[in-house]
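Results of the structural survey
Below, each chain spelled out in residue letters.
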Number of protein chains: 2
Amino acid sequence: MRTDADNVLALAIEVEGDGAALRLVSEAVAALGARITWISILDAQAPVETIAIEIATSRPATHIVDALAGLDGVRSVETNHPHRHVFGKRIVIIGGGSQVGQVVVGAVSEADRHNLRGERISVDTIPLVGERQIAEAVLATARLPRVEAVVLAGALMGGEIERSVRTVQAKGLLVISLNMAGSVPDAADLVVTDPVQAGVMAVMAVAKTAEFDVRRLGSRRF
Amino acid sequence: MRTDADNVLALAIEVEGDGAALRLVSEAVAALGARITWISILDAQAPVETIAIEIATSRPATHIVDALAGLDGVRSVETNHPHRHVFGKRIVIIGGGSQVGQVVVGAVSEADRHNLRGERISVDTIPLVGERQIAEAVLATARLPRVEAVVLAGALMGGEIERSVRTVQAKGLLVISLNMAGSVPDAADLVVTDPVQAGVMAVMAVAKTAEFDVRRLGSRRF
C-alpha cells in the first residue's frame, strides 16, 4: 500500500531543458531534507521542461519553494494541490467493455456519495481483451500511485490473470471479481454477481466514510 | 501534449531505502545518456524502496538493466511494460455523479471497440461537486501523464472552472463539455448534449483508429 505523508507539497517546476532537470531537482530536494513521493516529467523534449513533483517535508512551503526557485536553470516554481487531495484513492476497473461499463456506473455513483462527504475517490477504467493483456494491466496497477482496489469485470478470467491477482494482493491491493468462469473469482478478495453492486462495494471497501470492511465479512461471495 | 519516445523502457528498481534512491537512479540514468520520462516512487518509507521508472533510450535494454543492477544499494531491476503500452491515452471525466456515470458508459464502450483493434485508451473519472474543487481537478489533469482529453459532465459550470479549461487547452488538452448552464460550454472545444454520445465522441477524438478530427468539424455543438 502507498505511504501517506503528513505534510505533502506539490510543485510544478519549470527548468531549462538540458536533460539535467530531474537530477538538479532531486539533488536539491535531498539537500533540503525532503523526500520525493511522486514525480511526473511533462514535455521532456521541450526547451523548458516542467517537472511536477510531490514531496514530503516538515519545513514550511515557502522555504522549499524559495530554495528551488533560486537554483540555476529553474525558471519558475508553482505550488499546486497534491494529487492525493485532488483525485484521492483510485479504483481501477479492468475487463470487457460491457461489464466495465456497468461496474463503473455503480462505482461512480457510490464515489459521488462519498466525495460529497469530503472524501476523494476516483474510478479509472480500461476495457481490454486477452489473457496476457489483462494480466499485464492488473500487474501494472501496483505500479500506479494511489491505487487501492482493482475490479476484474469479465465473463472468463484465469491462468496468467489469476497469477497477477495474487501478485498485486501481496502488494496490498484489494481485488474484487465479478462472478465469472475461470480461476480469478477463487483468488479474489470479494466476488460479486451484479456489476453495479460490484462497483458500489469496491468504493465502500476503500472509503473511510463507509462502515464496510472486506476482511470482516462473513461471506466473500454476493 | 505529452512526448512520445521511440524506445521506452519500463523498470522497477528496488533500492535500499536510505532516502537517496531517487538521486542514485536519476544520476545513473543521466550518466547512461538516457532520459527519464516517468517515475513513481512506491513505499517510500519502506526499508527497500521501489522506484518504477520509464526511460527513453537508444541503448539496448540489457545494457541499461545491467548498469543499474550493478549500482551500490540496488537490490533488483525488473523490466515491465510501459504504462503507455498498458493503459495508453487517458480521458478524464469530471463532474456530477449522474452525468459522469453516463458519459463513462459511452466512453468505455467506444474505448472497448478501439482497444479491440489494437489501441490503448483508458477512461478515468472523478465525481466532484463545487466550483473550486472541479477547477482544481481540471488544472491537475494537465499534470497527469498521458491525459489527452477532459470531459466536463455537469449541469452548471463556469467561473474558475472556465479559467481552468482555458489553461489546460493552452497546454494541449482537448476539452469536451456537456450542453449545460454556465460559461464552460463557450470555452470547450466540443459541446455535446447527450452524455453517452459525449463519451463516445471523446474517445473518437483521441483514437488513432477513428476518422474523426475535432478541428475539422463544421459544428462544435451536438
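Figured I'd write up the structure that's included with this text. (Residues numbered from 1 in each chain as written. Chains lettered and ligands numbered in written order. Predicted model: local features only at pLDDT ≥ 70, side-chain atom pairs only at ≥ 80, totals over all residues. Heavy atoms only, no water.)

Here the focus is the overall build of chain A. Scanning chain A for helices and strands turns up eight helices and nine strands. Dimensions along the principal axes, computed over C-alpha positions, put chain A at roughly 60 × 35 × 25 Å. Buried residues in chain A amount to 58% of all 222 residues. In chain A, the proportion of contacts linking residues at least 24 apart, taken out of those at least 6 apart, comes to 71%. Averaging the locations of the 22 positively and 26 negatively charged side chains of chain A gives two centres separated by 6 Å. (Helix = DSSP H or I, 4+ residues; strand = E, 2+ residues; numbered from the N terminus. Buried < 20%, exposed > 50% of the residue type's maximum accessible area, 1.4 Å probe, protein only. Contact = heavy atoms within 4.5 Å. Lys, Arg positive; Asp, Glu negative; His and termini not counted. Charge placed at Lys NZ, Arg CZ, Asp CG, Glu CD.)

Turning to the relation of the copies chain A and chain B, a few remarks are in order. Mapping chain A onto chain B calls for a rotation angle of 180° and an axial translation of 0.0 Å; the resulting RMSD is 0.0 Å. When the rotation and shift are considered jointly, the pair of chain copies conforms to a two-fold rotation axis. By C-alpha distance to the rotation axis, the residue of chain A lying nearest is A:D124, at 2.0 Å. When the interface residues of chain A are mapped onto chain B, 100% of them again fall at the interface, so both copies present the same face. (Least-squares fit on C-alpha atoms with pLDDT ≥ 70 in both.)

Let's shift gears to helix α4 (residues 97–116) of chain A. All names here are of chain A. Counted at 1.5 Å a residue, the expected span for α4 with its 20 residues is 28 Å, and the 28 Å between its end C-alpha atoms agrees. Of all 20 residues in α4, 14 are buried; the element is thus mostly enclosed. Of the residues trailing α4, G118 is marked for its positive phi of about 105°. (Expected span 1.5 Å × (residues − 1).)

Sheets are built from strands that pair by backbone hydrogen bonding, the pairs being arranged parallel or antiparallel. Pairing is mixed across the open sheet formed by 10 strands, whose spatial order is β9(A)-β8(A)-β7(A)-β5(A)-β6(A)-β6(B)-β5(B)-β7(B)-β8(B)-β9(B). Because the sheet does not close on itself, it has two edges, and the strands there are β9 (190–192) of chain A together with β9 (190–192) of chain B. Neighbouring strand axes in the sheet, compared pairwise and without regard to direction, differ in orientation by 20° on average. Summarising the sheet, strand β5 (residues 89–95) of chain B and strand β6 (residues 121–127) of chain B pair through seven bridges and their orientation is parallel. By the bridge assignment for β6(B), B:K89 is matched with B:I121. Against the sheet, helix α5 (residues 131–141) of chain B contacts β5 and β7 (147–153) of chain B, and its axis sits at roughly 175° relative to β5(B). (Pairing = 2+ DSSP bridges. Axes fitted to C-alpha atoms, helices over the stretch in contact; angles between N-to-C directions.)

Here the focus is the interface of chain A and chain B. Every contact between the two is made by 57 residues of chain A and, on the other side, 57 residues of chain B. Note on chain A versus chain B: buried area summed over both sides is about 5100 Å², and carbon and sulfur give 61% of it. Run the count over chain A and chain B and you get zero salt bridges. Linking chain A with chain B are 13 residue pairs in polar contact (both at pLDDT 80 or more), by the criterion used here. Those elements giving two or more residues to the side of chain A that touches chain B turn out to be α1 (21–31), β2 (35–42), α3 (83–86), α4, β6 (121–127) and α5 (131–141) of chain A. Residue contributions to the side of chain A that touches chain B peak at 10 residues, all from α4(A). Across the side of chain A that touches chain B, the residue classes tally to 29 nonpolar, 16 polar and 12 charged. Summarising the sheet, β6(A) and β6(B) pair through three bridges and their orientation is antiparallel. (Buried area = accessible area lost by both parts, 1.4 Å probe. Salt bridge = Lys/Arg side-chain N within 4 Å of Asp/Glu carboxyl O. Polar contact = N/O pair within 3.5 Å; in protein donor to acceptor, adjacent residues only side chain to side chain. Nonpolar A, V, L, I, M, F, W, Y, C, P; charged D, E, K, R; others polar.)

Residues and elements named next belong to chain A. With seven of seven residues buried, strand β5 (residues 89–95) is to be regarded as a mostly interior element. Burial of β5 is two-sided: the residues K89, I91, I93 and G95 facing one way and the residues R90, V92 and I94 facing the other way are all buried. Viewed along the sheet, the connection from β5 through α4 into β6 turns out right-handed. Both β5 and strand β7 (residues 147–153) contribute to a ladder of six bridges, which runs parallel. Bridge pairing in β7 links R90 to V147. (Right-handed = clockwise from strand over helix to strand, strands pointing away.)

Before going further, it helps to examine the side chain of B:E119. Residues and elements named next belong to chain B. With respect to the helices, strands and loops of the structure, E119 is situated in the loop between α4 (97–116) and β6. Side-chain polar atoms of E119 contact the backbone nitrogen of K208, separated by 2.4 Å. Leaving out residues up to four positions away in the same chain, E119 has contacts with K89, H114, V206, A207, K208 and T209.

Moving on, we come to the environment of A:V77. Residues and elements named next belong to chain A. Relative to the helices and strands, V77 is located in strand β4 (residues 74–80). We classify V77 as buried; its relative accessible area is 18%. When the C-alpha positions of V77 and A67 are compared, they lie 9.8 Å apart, and in sequence the two are 10 residues distant. Setting aside anything within four residues of it in sequence, one finds V77 in contact with L11, A12, I13, V65, L68 and A69.

To continue, consider the nonpolar core. Proteins that are soluble and globular tend to have nonpolar side chains buried together. Judged by nonpolar contacts, the single largest core of 108 residues is most densely connected at A:I93, A:L152, B:I93 and B:L152. Listed in part, the 44 residues of the second largest apolar core include A:A21, A:I53, B:L11 and B:V29. (Core = buried A, V, L, I, M, F, W, Y, C linked by side-chain atoms within 4.5 Å.)

Moving on to the pattern of salt bridges. A complete count under the given rule lists 14 salt bridges over all chains for this structure. Of the charged contacts, one joins A:E162 and A:R166 as a salt bridge, the two residues approaching to 2.8 Å between their closest N and O atoms. Of the two residues, A:E162 and A:R166 are both situated in helix α6 (residues 160–170); the distance of four residues between them amounts to about one turn of the helix. Residue B:E119 pairs with B:K89 through a salt bridge whose shortest N-O separation is 3.9 Å. Note that B:E119 is positioned in the loop between α4 and β6 and B:K89 in strand β5, a separation of 30 residues in sequence. Here B:E119 matches B:K89 in class, with each residue buried.

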